[in-house]
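Residue strings, one per chain:
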Amino acid sequence: MNVVPALPLMIVAGGACVALLASAGPGGRVRRDGPFWAGAATLIAAAVMSLVLWGDRQEALGGGYRADRFSMLLNLVFLAAAFCALLFSVREPAGVDRRGEYISLLLTSTAGMMLVAGAGDLIALFLGIEILSVALYVLCALEVWRERSLEAGLKYLIVGAVGSSFFLYGLAFLFGASGSVKLSVIGENLSVASFTDEPLLLVAMALIVTGLAFKASAVPFHMWTPDVYEGAPTPITAFMATATKVAALAAFLRIFGGALTDLVDTWQVAIGVVAAASVIVGNVGALVQRNFKRLLAYSSIAQAGYLLIGVAAGTLQGAESVLYYLIAYTAMTLAAFAVIIIREREVEDGEMVDALAGYGRARPVVGVVATVAMLSLAGFPPLSGFIGKFLLFGSAAEQGLWWLAVIGAVGSVVSVAYYLRVLRVMWFGTPAHGGEPRKLLTIPAPVLITAVTAAVAVVGFGLGASLLMDVCRDAAAALLAA
Amino acid sequence: MSDVALSGAYLGWFVLALPLLGAIVLALIPGEPSRALTRVIGVGSVAAAFVLVVSLFAQQLSNDAERRAGTSTLWTWVDLGSLQVDLKILVDPLSVLMMLVITGVGSLIILYSTEYMSHDRDYRRFFVEMDFFIFAMLVLVLAANFLFLIVGWALVGLASYLLIGYYHDRPSAVAAAKKAFVINVLGDIGLVLAAFLLVRQLGTLDFAEVFAKAPQGLGDGTFIAEMVALLLFVGAAAKSAQIPLHTWLPDAMEGPTPVSALIHAATMVTAGVYLIVRCNVLYELAPHMSDAVAVVGAVTLFVAATIATVQDDIKRVLAWSTVSQIGYMVMAAGLGLYSSGMFHFLTHAFFKAALFLAAGIVIHALHDEQSLDRMGGLKNHLKVAYFATAAGCLAIAGIPPFSGFFSKDEILAGAIEAGTLGKVLAGVGLVGAGLTAFYMFRLLFRAFHGPEPDGGYHETPHASGSAMAAPVVILAALATVGGFIQIPFVSHNLRDWLEPAITADPGIEAGHGQETLIIVLSLAVAAIGIAAAWWLFGSGPERRLARAQKLPRLRAFLLDQWRFDEVYEAAVVQPGRDLGDAGVRAGERGVGQGPVIAAEAVTGAGARILSRVENGLVRTYAMAVIAGAAIVGAILILAR
């Protein structure tokens, strides 16, 4: 059995064990710093391994895992997001108090995501989704001394179980309808016979859309998002908002863009409606939020909608746009959360938008990072968020899905109002307690470096879009490769 | 890097880089830089860009007409396989004309600001934002494809937002900035959708390729061609403050006066005209939409001129006058008189900038007093401002040999040749010209003639220093003689110059008879306007106040600016607010202050309703998942 293609996955899974063991290891230093360094080394090793494996498809675990350009590109995204979350967690209460579990669970969740992106059959796909979710349920609740954190974990667990069961049902029906669990065989079987009207298949699709849309926090399966994002430790929220969404979209692309691509006419409208609803509800919901984390939660619902517009297009160009936007979205969302993480440690109400009043003037570097992140999320040219949206809506328009392109564009206009509000408070707001924003602490270097790197990436992905798009095109092509 | 004809096209990148660099360097200097250094960087970077543009211009002049355009590519920006978009600039006669005005008038106005803003605490920020605006505007005119154009388009909107809201401790300034930004973003959406249509139909966004393929790919007068022209015009109308998207411009006067002069008179607001002229090929393919553009321009020029006649704030008179004058340009572009539109853009940049800066001298001298009621007799105190305003008034009223005479008459004479619609619109333009002469001389007489208010100023208005006076004098001089580049019967230098960029020019040319007719008529209406202004306002406030009572209802209607804001308020904002209030009453209290803009009001109400559903109960959430699955299933079955 060839295990080499699955090595990145195994490295991360192994690293999770090492990190856990290190926290119980001998010597105070190992116990204190061991988990962090084990985690960092694991992520870097896995990233290097993913780069080495970049190329045509290789299968492992009896076809259950595929290492192709698609999964390797997404591996890099997951690993980068996890690495950022790791750096954000330096001096984070939960990350200090229970560093072994914290880092181990983070790595476990990452491994689950990598399994989703590289899944070759339905079983691996479900396993991946569950591994990533279960680890996250615990991570959300890891600040056990904080009620909101516990509440977030519990809510996520209960509603998540509903979502997962729907997803599992869907996979079972898909197996029943197509006679195979292997994604490649499902595609073949369905393309031979006309399955368009098969009720079994329709039920399968509805349930799978439900399960995955839940993970991507798309409407109407989004309701847990604001509560959980608000309650979870912020570095974990950042990780969920980026990596989980990437994993869910990867699964969408694997199933609908890959295996079920011939049935695009059947599922296009359904996914399009989910996308449109997400854009509308997410953007409208964000308008009245005063809590920055909740605002970003609603914004992430809208962003899921934009991404699903690309899925609904059902073309290679659509998949390529989704991949591009996923990468850009990860960078800009991480930059945005970095600002909350920095402010949260300084003042008690740091996650409120108003806590940022005048903060841009007091800390210009953080202010610029936030500005880049907000403008890019709003789709402001020439940042990568703009290019991504242009590609996504353009791929929908290309397929004649004008209604989706228009809803996406109008949604972006509405979103300008709340992203701009954050910036206005930040640069022009007057702090409630007089001239200077209260309490400025030294920002831990890892957090600041991550924030600046993310912002630079947002700009760089925008100006050098064609380079990234070449990579994304290769990755998207791997979806359909025989 | 450069691929065709004009070998110096790559210099365009340096023109772009200089103001951007200026803004970045200025922003990054740690601590509070000295004012002298701020001035040098702020003005110097734009002036250096101007020198570069002049060298480009000289190179173009020395080339034959065919070799005056060139492109320069940095790298491939977006590559979708089927669609490739480069980071590419186009240096041609049209973009160089725009660049000359942007950097030339721009550096004069920024020089002026060094003194005008000298009392401001936030000196540096002003110059950072001004330089950034110049950069954005240059991107807009240099872009060689629609995607890059959209970048410039949006950045200009952002710069304008920052500068309108410059005095961010004034709520009215913040509200005005937001209004301007929202309307501008609305326009951006128009452009983006137009770009989608072009990609779908033609597979490219490059100007040269789009214009080459459009006649086949879009067809002449087809629905798609009209649609593209309509969507582009949404963008143009938003940026150029054309009815019904004009309401932001008068409010934008909340910004400092140099900002009004540069952004909301000379450059940004003419971007819409530039876009239509640049896309002349697409508009020639869309005859109905072109007519609609011309009609919108004519309606705008008339409505705005009537409103300008009753404004009492000196800057708002000029703001409405700007809306009206851009109306002339848009009307010209819609009628196919592209080069005439650009001619008027050029002369308008001179005389309107001179007028705004002269108004700035007045405002500065009177310690931020903007009401005409508290002005009068200023000609004895502020000589420079008086002569500049007089030159500007004569130019905008179309009195020969001042520049506005040539450009406005060219539009009106051309319009007569452009079919029945053109004749009607020329009539509207003539009426507008009379109104223009009236409201401008009303301003001149009320501010500079007559007795001083309340029997004299408390403090004698102090004349400005040379940094403010010099730009005003130069611009006033240009407003006086700028029209001579194109003289009816004699020369059409500008038209010949722009020919390579306006490939679809329908070649409308006024005959000598029409030309003479228009000259006579427009001089007559201008004279009537000036005479009426003198009769009402030449002597002092007594007669004015007596006359003003004559038509109270019309006056009130005009003072309410044709009640556009009220209609928007009643149709969009208020229902939204009611809905929002109902939502608040229903449960969620204290969710934000009254929404400022329409979109926000409507959506805000929905938001509150949504927040109610989100009551934090897990069973509700699980129920929603189940309901959602049922909905998705239903759609799958129905959409089969």
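Every value quoted in this text rests on a predicted model; they were computed, and no experiment measured them.

Basis of the calculations
Residues numbered from 1 in each chain as written. Chains lettered and ligands numbered in written order. Predicted model: local features only at pLDDT ≥ 70, side-chain atom pairs only at ≥ 80, totals over all residues. Heavy atoms only, no water. Helix = DSSP H or I, 4+ residues; strand = E, 2+ residues; numbered from the N terminus. Rg over C-alpha atoms; globule rule 2.2 N^0.38 Å. Buried < 20%, exposed > 50% of the residue type's maximum accessible area, 1.4 Å probe, protein only. Contact = heavy atoms within 4.5 Å. Areas by Shrake-Rupley, 256 points an atom, 1.4 Å probe, with all protein chains shown as cover. Lys, Arg positive; Asp, Glu negative; His and termini not counted. Charge placed at Lys NZ, Arg CZ, Asp CG, Glu CD. Buried area = accessible area lost by both parts, 1.4 Å probe. Salt bridge = Lys/Arg side-chain N within 4 Å of Asp/Glu carboxyl O. Polar contact = N/O pair within 3.5 Å; in protein donor to acceptor, adjacent residues only side chain to side chain. Domains from an automatic or database assignment. Phe/Tyr/Trp six-rings, centres within 6.5 Å; stacked < 30°, edge-to-face > 60°. Lys NZ or Arg CZ within 6 Å of the ring centre and 35° of its normal. Axes fitted to C-alpha atoms, helices over the stretch in contact; angles between N-to-C directions. Left-handed = near helix turned anticlockwise from the far one by under 90°. Expected span 1.5 Å × (residues − 1). Patch = residues over 30% accessible without salt bridge, like charges linked within 9 Å, V, L, I, M, F, W, Y side chains within 5 Å. 1 Å grid on protein atoms, 1.4 Å probe; cavity = no way out; pocket = protein on both sides within 12 Å on 5 of 7 lines; lining within 4 Å. Points joined across faces, edges and corners; volume = space filled by probe spheres on them. Nonpolar A, V, L, I, M, F, W, Y, C, P; charged D, E, K, R; others polar. pLDDT = per-residue confidence, 0-100.

Peer 1: I keep staring at the overall build of chain B and nothing clicks. Help me out?
Peer 2: On a plain count of helices and strands, chain B comes out with 26 helices and 2 strands. Relative to the 2.2 N^0.38 estimate, which gives 26 Å for 640 residues, the radius of gyration of chain B is 25 Å and therefore close to what a compact globule would have. Taking all 640 residues of chain B together, 62% fall into the buried category. For chain B, the share of sequence-separated contacts (at least 6 apart) that also reach a separation of at least 24 residues comes to 80%. Of the roughly 22200 Å² of accessible surface on chain B, a fraction of 65% belongs to carbon and sulfur atoms. One finds the centroid of the 40 positive side-chain charges in chain B at a distance of 7 Å from the centroid of its 48 negative side-chain charges.

Peer 1: Would you mind showing me how to read the overall build of chain A here?
Peer 2: When helices and strands are counted, chain A shows 20 helices and 2 strands. Taken over the C-alpha trace, chain A has a radius of gyration of 21 Å; the compact-globule value for 482 residues is 23 Å, and the two agree within 12%. Considered along the principal axes of its C-alpha atoms, chain A spans approximately 70 × 55 × 40 Å. Buried residues in chain A amount to 67% of all 482 residues. Considering only contacts within chain A whose residues lie at least 6 apart along the sequence, 81% involve residues at least 24 apart. For chain A, the computed accessible surface area is about 14500 Å², with 68% contributed by carbon and sulfur atoms. Across chain A, the mean location of the 29 positive side-chain charges is 9 Å away from that of the 30 negative side-chain charges.

Peer 1: Explain the interface of chain B and chain A here, please?
Peer 2: One widely used convention gives an interface's size as the accessible area the parts lose upon coming together. Taken together, the 62 residues of chain B in the interface contact 68 residues of chain A. Here chain B packs against chain A, burying approximately 5600 Å² in sum over the two surfaces, 78% of which is carbon and sulfur. Our count for the contact surface shared by chain B and chain A stands at 0 salt bridges. Applying the counting criterion to the chain B and chain A interface returns 7 residue pairs in polar contact (both at pLDDT 80 or more). Broken down by secondary-structure element, the contributors of at least two residues to the side of chain B that touches chain A are strand 1 (70-79), helix 5 (146-164), helix 6 (171-202), helix 25 (598-613) and helix 26 (618-638) of chain B. Here the side of chain B that touches chain A gets 14 residues from one element, more than from any other, and that element is helix 26 of chain B.

Peer 1: Please explain the domain arrangement of chain B as it appears in this structure.
Peer 2: Taken domain by domain, chain B holds domain 1 (286-559) and domain 2 (607-640). Domain 1 of chain B and domain 2 of chain B are separated by 59 Å when their C-alpha centres are compared.

Peer 1: Is there a simple way to explain the packing of aromatic side chains in this structure?
Peer 2: Centre-to-centre distance and the angle between the planes together describe a pair of aromatic rings. One pass over the full model with this rule turns up 32 aromatic pairs over all chains. On the basis of an interplanar angle of 75° and a centroid distance of 6.3 Å, the ring pair of Trp-224 of chain A and Tyr-229 of chain A is categorised as edge-to-face. Each member of the pair, Trp-224 of chain A as well as Tyr-229 of chain A, is classed as buried. Through a chain of ring-to-ring contacts, three or more aromatic side chains come together here, namely Tyr-137, Tyr-156, Phe-214, Trp-224 and Tyr-229 of chain A. The side chain of Arg-35 of chain B reaches across the aromatic face of Tyr-123 of chain B, ending 4.2 Å from its centre. In this structure, Arg-125 of chain B is placed above the aromatic ring of Tyr-166 of chain B, and the distance from its NZ or CZ to the ring centre is 4.4 Å.

Peer 1: Is there a simple way to think about the pattern of salt bridges in this case?
Peer 2: Two side chains of opposite charge can pair, provided their charged atoms sit close to one another. Using the criterion set out here, one finds 26 salt bridges over all chains in the structure. Note that Glu-230 of chain A is salt-bridged to Arg-294 of chain A, the shortest N-O span being 2.7 Å. Of this pair, Glu-230 of chain A sits in helix 10 (residues 224-231) while Arg-294 of chain A sits in helix 13 (residues 292-313), and the two are 64 residues apart along the sequence. Owing to a relative accessible area of 16%, Arg-294 of chain A belongs among the buried residues under this scheme. We note a salt bridge from Arg-442 of chain B to Asp-312 of chain B, for which the minimum N-O separation is 3.2 Å. Of this pair, Arg-442 of chain B sits in helix 18 (residues 419-448) while Asp-312 of chain B sits in the loop between helix 13 (287-308) and helix 14 (314-334), placing them 130 residues apart in sequence. The class for Asp-312 of chain B is partly exposed, based on a relative accessible area of 23%. Linked by salt bridges that have partners in common, Arg-148, Glu-151, Lys-155, Asp-227, Glu-230 and Arg-294 of chain A make up one network.

Peer 1: When you look at the packing of helix 13 of chain A against helix 17 (residues 384-398) of chain A in this model, what are you seeing that I'm missing?
Peer 2: In a pair of packed helices, the angle between the axes and the distance between the axes together describe the arrangement. Residues and elements named next belong to chain A. Put simply, helix 13 and helix 17 touch, their axes get as near as 8 Å, and they point 35° apart. Crossing of helix 13 over helix 17 shows left-handed handedness. Contacts between helix 13 and helix 17 involve Tyr-306, Leu-307, Ile-309, Gly-310 and Ala-313 from the first element and Lys-389, Leu-392, Phe-393, Ser-395 and Ala-396 from the second.

Peer 1: Explain the environment of Phe-14 of chain B here, please?
Peer 2: Here Phe-14 of chain B lies in helix 1 (residues 11-28). A residue is classified by how much of its surface remains accessible, and Phe-14 of chain B, at 47% relative accessible area, is partly exposed.

Peer 1: When you look at helix 4 (residues 123-142) of chain B in this model, what are you seeing that I'm missing?
Peer 2: Helical periodicity: at 3.6 residues per turn, an α-helix aligns residues three or four positions apart in one direction. If you check helix 4 of chain B, its first and last C-alpha atoms are 29 Å apart, about what 20 residues at 1.5 Å a residue would give, namely 28 Å. Burial of helix 4 of chain B is extensive: 20 of the 20 residues sit out of reach of the surface.

Peer 1: Can you help me understand a nonpolar patch on the surface in this one?
Peer 2: A contiguous nonpolar patch, built from Val-3, Val-4, Met-10 and Leu-61 of chain A and spanning about 280 Å² of accessible area, is present on the exposed surface. Locating Val-3 of chain A in the fold gives a position in the segment before helix 1 (7-23).

Peer 1: Explanation requested: empty space enclosed by the protein in the structure shown.
Peer 2: Left-over empty space is what a probe sized like a water molecule reveals as it rolls over the atoms. Throughout the structure, instances matching the rule amount to 9 cavities of 30 Å³ or more. Gly-379, Phe-386 and Ser-412 of chain A together with Ile-189 and Val-192 of chain B are the residues nearest the centre of the largest cavity, which is lined by 18 residues in total. Within the residue set of the lining of the largest cavity, elements represented by two or more residues are helix 17 and helix 18 (402-428) of chain A together with helix 5 and helix 6 of chain B. By volume, the second largest cavity is sized at about 90 Å³. Lining the second largest cavity are Gln-317, Phe-390, Leu-391, Gly-394, Ala-397 and Glu-398 of chain A together with Leu-80, Leu-83, Phe-196, Val-199 and Arg-200 of chain B. Listing elements by their share of the lining of the second largest cavity, those giving two or more residues are helix 17 of chain A together with helix 6 of chain B. A total of 5 residues in the lining of the second largest cavity trace back to one element, the largest contributor, which is helix 17 of chain A. Grouping the amino acids of the lining of the second largest cavity by side-chain chemistry returns 7 nonpolar, 2 polar and 2 charged.

Peer 1: What should I look at first to understand the side chain of Lys-389 of chain A in this one?
Peer 2: One can find Lys-389 of chain A in helix 17. No salt bridge is formed by the buried Lys-389 of chain A, whose closest oppositely charged neighbour, Asp-188 of chain B, lies at an N-O distance of 12 Å. Each residue touching Lys-389 of chain A, except ones within four places of it in the same chain, is listed here: Tyr-306, Tyr-325, Leu-377, Ala-378, Gly-379, Gly-394, Ser-412 and Ser-415 of chain A.

Peer 1: How should unusual backbone geometry be read in this particular structure?
Peer 2: Glycine aside, residues mostly have negative phi, and peptide bonds are mostly found in the trans state. Residues and elements named next belong to chain A. With an omega of 0°, the peptide bond running from Pro-381 to Pro-382 counts as cis. Position of Pro-382 relative to the elements: it lies in the loop between helix 16 (364-377) and helix 17. With phi around 55°, Leu-61 is a residue other than glycine that occupies positive phi space. Turning to its location among the elements, Leu-61 is positioned in the loop between strand 1 (58-60) and strand 2 (65-67). A positive phi is found at Ser-217, a non-glycine position, where the angle reads about 45°. For Ser-217, the location among the structural elements is in the loop between helix 9 (199-215) and helix 10. Taking the relative accessible area as the measure of exposure, Ser-217 reaches 1% and is therefore buried.

Peer 1: Teacher, can you tell me more about the confidence of the model for chain B here?
Peer 2: Regions with low pLDDT should not have their predicted coordinates read in detail. Residues and elements named next belong to chain B. Mean pLDDT over chain B works out to 82, with 90% of the residues at or above the 70 mark. Least confident of the elements in chain B is helix 25, whose mean pLDDT is 55; most confident is helix 11 (residues 271-278), at 91. Between residues 583-600, whose pLDDT stays under 50, and residues either more than four places distant or in other chains, the model counts 22 contacts. In the model output, the complex is listed with pTM 0.86 alongside ipTM 0.84.

Peer 1: Whenever I open this one, the environment of Ile-307 of chain B confuses me. Can you help?
Peer 2: Residue and element names in this part refer to chain B. Note on placement: Ile-307 falls in helix 13. For the pair Ile-307 and Leu-559, spaced 252 residues apart in sequence, the C-alpha to C-alpha distance is 6.6 Å. Each residue touching Ile-307, except ones within four places of it in the same chain, is listed here: Trp-320, Leu-558, Gln-561 and Trp-562.

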